[in-house]
Amino acid sequence: MPTNPYAWLDDSLKTIHQADWYRSVQAIEGLPGATVLLAGQEVINFASNDYLGLAGDERLIQAGMASLQKFGTGSTGSRLLSGHRELHRELEKAIAALKQTEDAIVFSSGYLANLGAIAALVGKRDLILSDQYNHSSLKNGAILSGAAIVEYPHGDVAALKIQLSQQRQNYRRCLIITDSVFSMDGDLCPLPTLLSLADEFSCMLLVDEAHATGVMGKTGAGCVEHFGLTGKQLIQVGTLSKALGSLGGYVVGSATLIDFLRNRAPTWIYTTALSPADTAVALAAIKIVQQEPQRRTQLWGNVDYFKKLMQAHLPKLKLLPSESPIVCFQLPSATAALITSKHLTTSAIFAPAIRPPTVPTSRIRISMMATHEPRHIEKLVAALIKINRQ
Ligand SMILES: *Cc1c(COP(=O)(O)O)cnc(C)c1O
């Protein structure tokens, strides 16, 4: 008698439930912003990557609508076939100008940008050194490339250097890959040291600026700018879907690098080009990032205010080290994190519990926006004080 080959799915889901690792979706209604409607209740939104509050901005909405009317809905093909529009090149030039690099290439998501770039740059005879806390797209890009992969402990440049001295000579090319702002922790990679190690051992360095673009650095160019490394030879990846409020991803760097990726990145060649609406929206967002630096000032003011209130009222709650608008506090278990997140929702605060397997230890992740008002942050801290009294 043949057995049901899908029966294991039920068992697997049961195990996920028992560990309190089960995930499900929650629908946001209406426009995104500092407050949103969640299951009919207005909540203060500390769960979004929309750091500058642009995803609901009228100017971006208008740019998207105008583009839809002019160019239609879908791009109808890959960039190399029928999908290419002048608008894509305009966006690529705008990203390269923001980052002060020679060129840029736009992908249909940040995830695809990482998969495509890594798979194109290294192969079987090569070595990848990867931070243990890297985003899933970097990790899966490494696997897809077929290169040998060595994970180094999070941010540990001494361990990385030992690996490089032991292993570098056994491989043809070597690529170091890292998030710049770590997405689930909010701390930064030691970029200056990584760059000098890359130089010393003839390695390429790929840095993922997904959470840094629009946020870090004086002009919002990212951590590369924040660390004063603008113009250095390296590979930068990012997304159009976080501070830029659209959808899509990109790689920036030298003209040669970008030309190579246009010829070799499978996730660029064999997928449909970014839609005209997403492209126009991202283009409008980059203009605002450049023209309205006060949004970054507001964002950093909010981050400081939150940390100051936490220090004054809840010094015992352990905040994870962070130098970004992502601030997390650790909880002893997935169950504790879920309970805290539910209590917060009761107080009209939307802040997600982040649990294994996404991260090794459970936490509540707060992500600050430029458009939060002082009273939003005060309500968050008041809710945390109340939960910690229970
Ligand atoms: C969100 C994110 C991505 C993926 O970007 P998408 O455009 O959402 O696919 C890649 N890397 C990091 C570090 C991210 O946080």
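A few points on the structure. (Residues numbered from 1 in each chain as written. Predicted model: local features only at pLDDT ≥ 70, side-chain atom pairs only at ≥ 80, totals over all residues. Heavy atoms only, no water.)

**Section: the sheet that holds strand β7 (residues 174-179)**
Here is the rule we go by: At least two bridges found by DSSP between two strands are what make those strands a pair. Put simply, DSSP marks the helices as runs of H or I at least four residues long and the strands as runs of E at least two long, and each gets a number from the N terminus on. Note on geometry: axes are C-alpha line fits, over the in-contact stretch for helices, and angles between N-to-C directions span 0 to 180 degrees. In this analysis, two residues are considered to be in contact whenever any of their non-hydrogen atoms come within 4.5 Å of each other.
The sheet built from seven strands is open, its strands ordered β4-β10-β9-β8-β7-β5-β6 with mixed pairing. Of all strands in the sheet, those with a lone pairing partner are β4 (103-107) and β6 (148-152), marking the two edges. The average angle at which neighbouring strand axes cross in this sheet is 20 degrees, direction not considered. Summarising the sheet, strand β8 (residues 204-208) and strand β9 (residues 235-239) pair through three bridges and their orientation is parallel. Paired with D208 across the bridge in β9 is V237. Its contacts with the sheet place helix α4 (residues 110-121) against β4, β5 (127-131), β7, β8, β9 and β10 (249-253), and it is angled at close to 155 degrees to β9. Its contacts with the sheet put helix α5 (residues 136-145) on β5, β6, β7 and β8, and the angle it makes with β7 is roughly 160 degrees.

**Some words on the sheet that holds strand β2 (residues 35-38)**
Strand order across the open sheet formed by four strands is β1-β2-β3-β12, with mixed pairing between neighbours. Because the sheet does not close on itself, it has two edges, and the strands there are β1 (28-29) and β12 (349-350). Two strands pair when backbone bridges link them, and strand β3 (residues 41-45) and β12 are joined in this way by two bridges, in the parallel orientation. Looking across to β12, one finds that I44 is bridged to I349.

**Brief notes about unusual backbone geometry**
Glycine aside, residues mostly have negative phi angles, and peptide bonds mostly take the trans form. Convention followed: The rule is simple: take the accessible area with a 1.4 Å probe, protein chains only, and divide by the maximum for that residue type; under 20% is buried, over 50% is exposed, in between is partly exposed.
At the junction of P356 and P357, the peptide bond is cis and its omega measures out at 5 degrees in the coordinates. Looking at the element boundaries, P357 is found in the loop between β13 (353-354) and β14 (363-367). Within the chain, D20 stands out as a residue other than glycine whose phi angle is a positive 60 degrees. If you trace the backbone, D20 turns up in the loop between α1 (8-18) and β1. With relative accessibility at 25%, the residue D20 sits in the partly exposed group. The backbone phi angle of S202 is positive, close to 50 degrees, even though this residue is not glycine. Here S202 shows up in the loop between α7 (191-200) and β8.

**Some words on the site of the ligand**
Operational definition: Any residue with a heavy atom lying within 4 Å of a molecule or strand is counted as near it. The term polar contact refers here to a pair of N or O atoms within 3.5 Å; inside protein, the definition further demands a hydrogen-donor-capable atom paired with an acceptor-capable atom, and it admits residues adjacent in sequence only when both atoms are side-chain atoms. Amino acids are sorted into nonpolar (Ala, Val, Leu, Ile, Met, Phe, Trp, Tyr, Cys and Pro), charged (Asp, Glu, Lys and Arg) and polar (every other residue, Gly among them).
With respect to spatial proximity, 15 residues lie near the ligand, and among them G110, D208, H211, T239 and K242 are the closest. At 2.8 Å, a backbone N or O of G110 approaches an oxygen atom of the ligand. A distance of 2.9 Å is found between an oxygen atom of the ligand and a backbone nitrogen or oxygen belonging to Y111. The element contributing the most residues to the shell around the ligand is α4, with three residues. A class-by-class count of the residues in the shell around the ligand yields two nonpolar, ten polar and three charged.

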